Amino acid sequence: QVHLVESGGGVVQPGGSLTLSCAASGFTDFTFSDYAMNWYRQAPGRQREFVAAIGRAGDSTLYGDSVKGRLTISRDNSRNEMYLQMNSLKIEDTGVYYCNAVSGSGGSWGQGTQVTVSS
């Protein structure tokens, strides 16, 4: 298992940008590069939604349909961190964004960071 902490959330106007970070620590059986990483988000009254995924080496990515072309996922294994660069933000991007790590034996979730897009 791994401990995950998200940061970088805040309030931004429509069309603005934010960069979220996910710091990983407390490794036991694995290192950061052993985990595939994901971003999810959840708005009030809605189900948790897949946002983006990145492979262990950072060489493959996958995005939810609603964020393609606007959000970019990346990772730096030397720093044990994952990032989500968010551009051209829309009101419907508002929600709590969660970091998720998945290994062959299980996964972990962060506590989430709030992103609010409003005018």
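Residues numbered from 1 in each chain as written. Predicted model: local features only at pLDDT ≥ 70, side-chain atom pairs only at ≥ 80, totals over all residues. Heavy atoms only, no water.

*Asks:* Any details on the environment of glycine 8? Residues and values, ideally.
*Replies:* Note on placement: glycine 8 falls in the loop between strand E1 (3-7) and strand E2 (10-12). With 76 residues separating them in the primary sequence, glycine 8 and leucine 84 have C-alpha atoms 9.5 Å apart. Once you skip the residues sitting within four places of it in the chain, glycine 8 turns out to touch Leu18, Thr19, Leu20 and Thr113. (Helix = DSSP H or I, 4+ residues; strand = E, 2+ residues; numbered from the N terminus. Contact = heavy atoms within 4.5 Å.)

*Asks:* Outline the side chain of arginine 41, listing residues and values.
*Replies:* Looking at where arginine 41 falls in the secondary structure, it is placed in strand E4 (residues 36-42). Residue classification places arginine 41 among the buried residues on the basis of a relative accessible area of 5%. At 3.2 Å, the side chain of arginine 41 and the side chain of serine 66 are in polar contact. At 2.8 Å, the side chain of arginine 41 forms a polar contact with the side chain of aspartate 93. Non-local contacts of arginine 41, meaning those with residues more than four positions away in its chain, are made with Gln47, Arg48, Glu49, Val51, Ser66, Val67, Glu92, Asp93, Val96 and Tyr97. (Buried < 20%, exposed > 50% of the residue type's maximum accessible area, 1.4 Å probe, protein only. Polar contact = N/O pair within 3.5 Å; in protein donor to acceptor, adjacent residues only side chain to side chain.)

*Asks:* Before we move on, can you summarise the sheet that holds E1 with the specific residues and values?
*Replies:* Here four strands make up an open sheet; going across it, the order is E1-E3-E8-E7 and the pairing antiparallel. Each edge of the open sheet is held by one strand with a lone partner, namely E1 and strand E7 (71-76). Strand-to-strand, the axes of this sheet are offset by a mean angle of 15 degrees, without reference to chain direction. Examined bridge by bridge, E1 and strand E3 (residues 18-25) share five bridges and lie antiparallel to one another. Bridging from a neighbouring strand, glutamate 6 pairs with cysteine 22 of E3. (Pairing = 2+ DSSP bridges. Axes fitted to C-alpha atoms, helices over the stretch in contact; angles between N-to-C directions.)

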